[in-house]
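Here are the chains, one letter per residue:
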Amino acid sequence: MPNHHDLDIRARRLLRTLIAQYLADGEPVGSRTLSRSSGLDVSPATIRNVMADLEEAGLVASPHTSAGRIPTPRGLRLFVDSLIELQPLPREEMVRLQRELPPGPTTVRDLMGNASALLSAMTHFAGVVTVPRQTDFPLRHIDFVALPDARVLVILVFSDNQVQNRVIQLAKPLGSRELEQAGNYINEHFVGLRVDDIRAHLLRELREASSELHQMLSSAVELAAASFAPQNEDVLVSGQTNLMAYSELANLDRLRELFEAFQKKNELLQLMEVCAKAPGVRLFIGEESGFAALDGCSVVTASYGAQGRLLGAVGVIGPTRMAYERVIPVVQATAGLLSEALNRAATAL
């Protein structure tokens, strides 16, 4: 793929002008418009020659029989990577984000739902956010309640105020006293740790335990292994119907495929999980996502986390014709505010 160093100053200026004009009004851009808008003292004929070179390089295309040109996904990629200058989010928009993503006590799922809806409202696209696995958060308290048939009700309270009730099946029943001892031991020694760390600590202590502690620790390890089984991650989507307003996505078959992807979530979750594994902003234009349902879309994401760990990603899905210089800072700022909120929740334990 060409990079901006392969283009001379005039070609870069004209490509930037063409893409900015196209992103603003969605129409093919002709040579005369470029001549007026670019600020270059060149003739329409010279511009047509430059456009022909850009088309040969795969950066612009001529739709139908139009005399104007539009950027290709490769052209948009070059534009985003090297031709636009990203500015910090305007103060009034940052204030809105801070006001509508309140730092007060709330569950992580509620916080993520607010973020998704707010991104959709601010960009007029679909807002998406992954909800981290509950086991990624420190444990605040645990209780075990005996049920019939060697089953146990586990009540888990996490640092984000989320309460989970799980029913687990044991190989053999444990009495109320054994369950109480195991719960007290975990609450006394491991509150503030993530469940993976708790499981590792218990296994290590079991290996080193004296005989009188061995039975109690064996019960605690068995309960922890069943209680802390991995949970599936989820993705929340808001504002899907916003996408119906964009002519480039208005084809009924395309919309049906896109909405099915939102409903089933599998492919979307896979994409967001990839984004969550790397810090910073990720951008997929058209086919770059690898999922057919998103071929006509751009996906802008940023990862969020807490205490030095990446936990998920937040972003928007819209047409490839979007104001990237505005959308990217909005997504980036939202991810930063989510990270701040999660860090506050973790340190409040």
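For every chain, the first residue of the written sequence is number 1, and numbering continues from 1 along that sequence. Given that this is a predicted model, residues contribute local features only at a pLDDT of at least 70 and side-chain atom pairs are listed and counted only at 80 or more, while totals for whole chains, interfaces and linings are drawn from all residues. Side-chain descriptors were evaluated using all non-hydrogen atoms of the structure, hydrogens and water having been removed beforehand.

### Comments concerning the packing of aromatic side chains
The following threshold applies: A pair of Phe, Tyr and Trp rings is counted when the ring centres sit within 6.5 Å of each other, with Trp represented by its six-membered ring. The angle between the planes then sorts it: under 30 degrees is stacked, over 60 is edge-to-face, the rest tilted. The cut-offs for exposure are 20% and 50% of the maximum accessible area for each residue type, with area from a 1.4 Å probe on protein chains only; residues under the lower value are buried, those over the upper are exposed, and the others partly exposed.
This model, assessed by the stated rule, comprises 3 aromatic pairs. Where Tyr185 meets Phe190, the ring centres are 6.0 Å apart and the plane angle is 70°; that geometry is what we call edge-to-face. Residue classification places Phe190 among the buried residues on the basis of a relative accessible area of 3%. For the ring pair Phe259 and Phe262, a centre distance of 6.1 Å and an interplane angle of 65° mean the geometry is edge-to-face.

### Focus on the sheet that holds strand β5 (residues 151-158)
Convention followed: The criterion for strand pairing is that DSSP finds at least two bridges linking the strands in question. For helices the rule is a DSSP run of H or I covering at least 4 residues; for strands it is a run of E covering at least 2, with both sets numbered from the N terminus onward. Axis definition: a line fitted to C-alpha atoms, over the contacting stretch in the case of helices. Angles run 0 to 180 degrees between N-to-C directions. We call two residues contacting when some pair of their heavy atoms lies within 4.5 Å.
One open sheet holds the 3 strands; their spatial order is β4-β5-β6, and the pairing between them is antiparallel. With one partner strand each, in any of the chains shown, β4 (139-147) and β6 (163-169) form the two edges of the open sheet. The sheet shows a mean angle of 20° between the axes of neighbouring strands, taken without regard to direction. Of the pairings in the sheet, the one linking β4 to β5 comprises 8 bridges and is antiparallel in character. Residue pairing for β5: Leu147 is matched across the bridge by Arg151. Each of β4 and β5 is contacted by helix α7 (residues 176-190), which is oriented at about 175° to β4, the strand it contacts most.

### Brief notes about the sheet that holds strand β8 (residues 281-285)
Where strands meet in a sheet, backbone hydrogen bonds hold them as pairs that are either parallel or antiparallel. Across the sheet, 5 strands lie side by side as β7-β3-β10-β9-β8; this open sheet has antiparallel pairing. Every interior strand has two partners, whereas the edge strands, β7 (234-238) and β8, have only one. Each neighbouring strand pair of the sheet contributes to a mean axis angle of 20°, computed without reference to strand direction. Examined bridge by bridge, strand β3 (residues 126-131) and β7 share 5 bridges and lie antiparallel to one another. The partner of Gly127 across the bridge, within β7, is Ser238. Running over the sheet, helix α6 (residues 108-123) touches β3, β7, β9 (297-306) and β10 (309-319) and is turned about 35° from β7.

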